[in-house]
Structure formats: structure tokens, C-alpha cells
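Residue strings, one per chain:
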Amino acid sequence: MKTTSMIVTGGLVVPFSACGRQVLPGLVEDPGTRQNWAGNYTYQAERLYRPGTVEEVQELVLELGKQKALGSRHCFNNIADSPGSQITTSGLNRMLSVDEANMTVTVEAGARYGDFAEELHDRGYALHNLASLPHITVAGACATGTHGSGVENGNLATAVVSFDLVRPDGELVTIDRQHPDFPAVVVGLGAFGIVTRMTLEVQPTFEVRQHIYNNLPLTSVVDHFDTIMSAGYSVSLFTDWLDGNVSEVWIKRRTDRHAEELGGEYYGALAATENMHPIAGLSTEAVSDQMGRPGPWYDRLPHFRMGFTPSAGEELQSEYFVPRENAVEAILAIEALADEVNPLLLISEIRTIAADGLWMSPAYQRDSVALHFTWKQQEPEVLALLPKIEETLAPFAVRPHWGKLFTINAATLRQRYPKLDDFVTLAKRYDPEEKFHNTYLDNRVW
Ligand SMILES: Cc1cc2nc3c(=O)[nH]c(=O)nc-3n(C[C@H](O)[C@H](O)[C@H](O)COP(=O)(O)OP(=O)(O)OC[C@H]3O[C@@H](n4cnc5c(N)ncnc54)[C@H](O)[C@@H]3O)c2cc1C
């Protein structure tokens, strides 16, 4: 751990407002009602700060009591809330440098992938993968183990080489892959402080062709799951679980790895004749280009384009990770619940994620398949159904996406995450005053 700087209050001239209260940098006057992206959760934190520099983040972290970093608000639960203050990273959103010798890019933590991906491509580089949307911040995505798809692709946090963290005592530290705390803090659920910059692995830029197939028989998935999920660099299956049918297969192929054509038919599915939205009937304006037309990685790996509303907008999401070796069993188990799942569903997506060594990653030490549910905005009904889905997937030691809706309790998660106790111990060591503790951590992790 390298100490790069430290704010010391002694001797600092701190400004005071007329009423005598200390005015901290970046206070957003009248922050209004703050909701998450989906609008299903209203943050309880009384104050919102928007620092513009790392030094301001340090001052805030040191001076404030209960607090939490706020990224682009794309989580569907209270993970980013605090009983005290929220510190938005939206003022720290630049790409800082590309290190050609070490093949890395360094960005400020509040940068959204879509803020810098095109510039990175223009400079000749690519990230290994992206989520379904480029609208999320790098630090917010890594904090929850956000992922895309691909049998060889780890989640987005696996690209992190090092990061700067403002610890709860205001000290700025750099933590890199050699540091013993690295695997705990990268997917850190916001529990260790505020990340201010991240350095990510890059590779030479590449192009991707996106091929969509319609109506894949579920029997083909059962018989050929591994082959289908390996048909491209990133593959997604979309289904409403009805009629033994997968409505869309999205195969994203790197042009430098797959020269051959896939053909008009794939395991019984037919090639789409126009761009498709994963949710039938929605406008394709927001989706990344398809029809096998090559394009840069940043404009093909996400399903949705920057500048447009991703997915449906009015929705909720849940996602569950099981070992890839149990993929078919898990898929059939959910199919058996179709009558209960389908009425609340907009669409489900099935993806693969490579195993990693990050303690709180849902793919920790196991190659995984993720069963995702985009729900209608009927939260009470969805929350009533989730325990049944979780119970159905329990034989596969299912782990939930930290940023989406789930009801599995901390005691059960403790059995599913071998390093969870170590994570809690370390978080308490970093944050003995529990500045970054919140109801979410209390109920789901501690
Ligand atoms: C339409 C849609 C599509 C999605 N698609 C995918 C997908 O394809 N794959 C997937 O895995 N997930 C997906 N998600 C979920 C999303 O990626 C995660 O919820 C992600 O964590 C959101 O990042 P954020 O920047 O909005 O973070 P927030 O929701 O703002 O915060 C999330 C957590 O990160 C912490 N945090 C944020 N910034 C920092 C920081 N600088 N330092 C320390 N902690 C920090 C917060 O305190 C909080 O605990 C999707 C969500 C939506 C709404």
C-alpha cells in the first residue's frame, strides 16, 4: 500500500457558513428527491456532495460521518444509500492516461464506460468486455461485480490492475494486484471508502460482429449449451420461458477470431432479418448495431447505446449466478416455474462469466452462468416470487447480483461466499467507525 497524500485538519482553514456550520466542498444545495435509475428506490441520505477533486473527496470523507459513494445509480436496491450523506462521483469522470508499455488505461472512478470507450478505441485499445449498457460508472460497476458475457471473460472488475481509495480516515492509498487486500476491496460493495481512480487492463482494439438468431428451441440449449455459449466472444440467450423457446440468441464475434460465417440457421434458430430489441415490440433505436455488421468493441459488446435509454426503463431486475456445470439443470428448473415467472417478466437473459479470485464476486472461484430477470415494475409481486426462485436454485448454491433485487439473507450468503467473513473483518478494520456502513450491508452481508 502506497500512501500518496493525506488531509490533516489541524491548521486547515475551514470555511463556515453564517449559521456556524462547517461548509464542506461540493455540497449540492437542495439536492431534491434522489432516486435510483429505475425509480423504485428513494435514497434516504439527507445530503449530497459532488466533489470535483480527489482532495475534496478526502476532505469530505474525513469530515463527514455516515456516508456512501454514489455512482450512476443503476442499482435496484439500497446498496448506495447512507443514513448520512452521499458523495456522487459524477464530477470525477475523465480518462486520465493510457500506459502503452503496461497496456493499461487510468480513469477517474466516476467515469462511465461510455465516457471514454470511444477515445480509448481511437487510441488503438479496448477493454476486455462491457456490461449490457455503457451508462454505468467504472467504480460503481466494479463495486458490485458487474459483468457482460463470454465463457473466457471475467467480470468487469477482473480488468482492474490498481486503484486509488480514499479510506474512511481520509487517507488516499493505492492498492494494486500485489496488495493482499486487493481481492477483497475491488468488488467492495462501497464498504471500504471511496475509490477515486482505477487503472484497467487494455488490449489492442478489436471489432465485433453481432449476429441475432430467433426462436432457438430450448432442447438445443439443453443438448448444446456449451457449444452455443462458445459460438462467439460474448453470447446471450433471451427467453420469456414459454413454449420451450429462446426468443433471441445474440452472438458477438470478434472479427480477428472468427472469419467464417455462422449461416442462416443455428441449432434450429433462424437468423434475424433486422435489428432486434431483447424485449419484443420495443424500438431498436437504443440497441447496438447487429446484422453481422462489424463495429468497434465499445459499440457492439453492450446491447444498448450511450445516449439512449437502455433496456425498458420502467423495470426491475434480479440476477442469479450458478456454477456453469449446473447451467442446464438450473435453466430447466426455472422453466418449470414459467407460469409464475412469466406474468411478471419483461425478458430473461442467460450469460456466462469466467471464474475469478475476487472475494465478493458472484463468480468467485467458479465458472458461472447468470440467469437474469428483467421484471415489470410490480415490486411487491416480484419480491414475493424471488424466494421461490432462490429456493429453486439453492441446490446450485446460487449467488445473487449485489446490485439487483434479491431476498437471500446474510447467513445463507455466508455459506455461498467462502471469503465473506474475511471480507467483513477487513471492512471493519478499514472502517472501525462504520462511516460506510448502511442498512444494505447490515442486512445482506454483516
Ligand atoms: C438497465 C440496466 C442494465 C444493467 N445491465 C447489467 C449488466 O449487463 N451486467 C451486470 O452485471 N449488471 C447490470 N446492471 C446492474 C449495474 O451494472 C450495477 O448495478 C452497477 O453496480 C451500477 O453501477 P453504478 O455506477 O450505477 O453504481 P451505484 O448504483 O451508484 O452504486 C453501486 C455501489 O457501488 C458503490 N460505489 C459507486 N462508486 C463508488 C466509488 N467511487 N467508490 C466506492 N464505491 C463506489 C456504491 O456505494 C454502491 O455500493 C444493469 C443495471 C441497469 C439499470
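About the thresholds
Position numbers for residues count from 1 along each chain, tracking the sequence in the order it is written. The predicted nature of this model means local features are confined to residues of pLDDT at least 70 and side-chain atom pairs, given and counted, to a pLDDT of 80 or more, with totals for whole chains, interfaces and linings taken over all residues. To obtain the side-chain values, all non-hydrogen atoms of the structure were used and water was disregarded. Numbering of helices and strands runs from the N terminus; a helix is a DSSP stretch of H or I covering at least four residues, while a strand is a stretch of E covering at least two. Atoms considered for the radius of gyration are the C-alpha atoms alone. The globule rule reads 2.2 Å times the number of residues to the power 0.38. Under the scheme applied here, a residue whose accessible area is under 20% of the maximum for its type counts as buried, over 50% as exposed, and between as partly exposed, the area being computed with a 1.4 Å probe on protein chains only. A contact between two residues is defined here by any heavy atoms of the two lying within 4.5 Å. Method for areas: the Shrake-Rupley scheme with a 1.4 Å probe, in which residue coverage is limited to the protein chains shown. When charges are counted, neither His nor the chain ends are considered; positive counts come from Lys and Arg and negative counts from Asp and Glu. Just so you know, the charge point we use is NZ for Lys, CZ for Arg, CG for Asp and CD for Glu. UniProt positions are given in the numbering used here, feature names are shortened, and annotations may be inferred rather than shown by experiment. Expected helix span is given by 1.5 Å per residue-to-residue step, counting one fewer step than there are residues. The seven residues ending at a residue and the seven starting there each receive a fitted axis; the angle between those axes is the bend at that residue. Definition of a polar contact: a pair of N or O atoms within 3.5 Å, with one able to donate and the other able to accept a hydrogen when the atoms are protein atoms, and with sequence-neighbouring residues admitted only if both atoms are side-chain atoms. Throughout, near means a residue has at least one heavy atom within 4 Å of the molecule or strand. Think of it as three bins: nonpolar holds Ala, Val, Leu, Ile, Met, Phe, Trp, Tyr, Cys and Pro, charged holds Asp, Glu, Lys and Arg, and polar takes everything else, Gly as well. Orientation is described by lines fitted to C-alpha atoms, with helices fitted over the stretch in contact, and by angles between N-to-C directions that extend from 0 to 180 degrees. Should an angle lie under 35 degrees it is considered roughly parallel, over 145 roughly antiparallel, and from 65 to 115 roughly perpendicular; all remaining angles are considered oblique. The crossing is said to be left-handed when, going from far helix to near helix, the turn is anticlockwise and less than a right angle, and right-handed when the turn is clockwise. Nonpolar core, defined: a set of buried Ala, Val, Leu, Ile, Met, Phe, Trp, Tyr and Cys residues in which side-chain atoms within 4.5 Å join the residues together. When DSSP finds two or more bridges between a pair of strands, those strands are recorded as paired. Salt bridges are defined as contacts in which a side-chain nitrogen from Lys or Arg sits within 4 Å of a carboxyl oxygen from Asp or Glu.

A. The arrangement of the overall build of the chain in detail. When you go through the chain residue by residue, the secondary structure sums to 11 helices and 21 strands. For 446 residues, the compact-globule estimate of 2.2 N^0.38 gives 22 Å, and the C-alpha radius of gyration of the chain, at 22 Å, lies within 12% of that figure. When the backbone C-alpha atoms are referred to their principal axes, the chain occupies close to 75 × 50 × 40 Å. Taking all 446 residues of the chain together, the buried fraction comes to 59%. Nonlocal contacts in the chain, meaning residues at least 24 apart in sequence, comprise 72% of its contacts between residues at least 6 apart. Element-wise, carbon and sulfur atoms account for 47% of the exposed surface of the chain, whose accessible area totals about 17200 Å². Across the chain, 36 positive and 57 negative side-chain charges occur, with their mean positions spaced 4 Å apart.

B. Quick peek at the UniProt feature "domain: FAD-binding PCMH-type" (unreviewed entry) in the chain. In the numbering used here, UniProt assigns the feature "domain: FAD-binding PCMH-type" (unreviewed entry) to residues 41–205. A distance of 38 Å separates the end C-alpha atoms of residues 41–205, which is 18% helix and 27% strand.

C. Up close: unusual backbone geometry. Backbone geometry places Trp241, a non-glycine residue, at a positive phi of 75°. Structurally, the position occupied by Trp241 is in the loop between strand E13 (234–239) and strand E14 (245–254).

D. Up close: helix H8 (residues 379–393). Its 15 residues give H8 an end-to-end C-alpha distance of 21 Å, which sits within 8% of 21 Å, the value for a rise of 1.5 Å per residue. Its axis deflected by about 25° at Leu385, H8 carries its strongest bend there, up to four residues before the proline Pro387. For H8, every residue scored as buried is listed here: Val382, Leu385, Leu386, Ile389, Glu390 and Leu393. Structurally, H8 contributes buried residues whose contacts are with strand E18 (316–323), helix H6 (327–335), helix H7 (338–341) and strand E20 (368–375).

E. Region of the structure containing the side chain of Arg444. Looking at the secondary structure, you find Arg444 in helix H11 (residues 439–444). Polar contacts involving the side chain of Arg444 include one to the main-chain carbonyl oxygen of Phe406, which spans 2.9 Å. Ignoring anything within four residues of it in the chain, the contact list for Arg444 reads Phe406, Thr407, Ile408, Ala410 and Leu413.

F. Quick look at the site of the ligand. Close contacts around the ligand come from 36 residues, with Ala69, Ser72, His74, Thr137 and Thr144 the closest. Gly71 is positioned such that a nitrogen or oxygen atom in its backbone is 2.8 Å from an oxygen atom of the ligand. Out of a free accessible area of 980 Å², the ligand has 99% covered by protein chains. Elements with a contribution of two residues or more to the shell around the ligand: strand E3 (67–70), helix H3 (138–143) and strand E10 (194–201). In the shell around the ligand, the residues fall into 17 nonpolar, 15 polar and 4 charged.

G. Summary view of the packing of helix H5 (residues 218–229) against H6. The contact between H5 and H6 brings their axes to 9 Å, and the two run at 160°. Comparing their axes, H6 and H5 come out roughly antiparallel. Handedness of the crossing formed by H5 with H6: left-handed. Where H5 abuts H6, its residues Leu218, Val221, Val222 and Phe225 lie against Ala327, Val328, Ile331, Leu332 and Glu335. Classifying every residue of the contact of H5 with H6 gives 8 nonpolar, no polar and 1 charged.

H. Spotlight on the side chain of Thr199. Here Thr199 lies in strand E10. Judged by its relative accessible area of 13%, Thr199 falls in the buried class. When residues no more than four places from it in sequence are discounted, the contact partners of Thr199 are Thr104, Val105, Thr106, Ala159, Val160, Val161 and Ser162.

I. Focus on the nonpolar core. Counting 111 residues, the largest nonpolar core has Leu237, Trp375 and Ile389 as its most contacted members. Sorting elements by how many residues they give to this core places helix H10 (residues 420–430) first, with 6 residues. Counting 13 residues, the second largest nonpolar core, distinct from the first, contains Val54, Leu64, Leu172 and Phe436.

J. Looking closely at the sheet that holds strand E2 (residues 47–49). The parallel open sheet is built from 3 strands, whose spatial order is E2-E4-E3. Two strands close off the open sheet at either side, each with one partner strand: E2 and E3. Taking each pair of neighbouring strands and ignoring which way they run, the sheet shows an average axis angle of 25°. Bridge analysis of E3 against strand E4 (residues 85–88) gives 4 bridges, and the strand direction is parallel. Bridging from a neighbouring strand, Ala69 pairs with Ile87 of E4.

K. The arrangement of the pattern of salt bridges in detail. Under the criterion given, the structure shown has 22 salt bridges. The salt bridge involving Glu108 is made with Arg94; its shortest N-O contact spans 3.0 Å. Separated by 14 residues along the polypeptide, Glu108 in strand E6 (residues 104–108) and Arg94 in the loop between E4 and strand E5 (95–99) bring together distant segments of the chain. Classification of Glu108 as buried rests on a relative accessible area of 7%. One salt bridge connects Asp169 with Arg167, and the closest N-O pair in it is separated by 2.9 Å. For Asp169, a relative accessible area of 32% gives the class partly exposed. Residue classification places Arg167 among the buried positions, given a relative accessible area of 18%. The network of salt bridges with shared partners includes Asp289, Arg293, Asp299 and Arg300.

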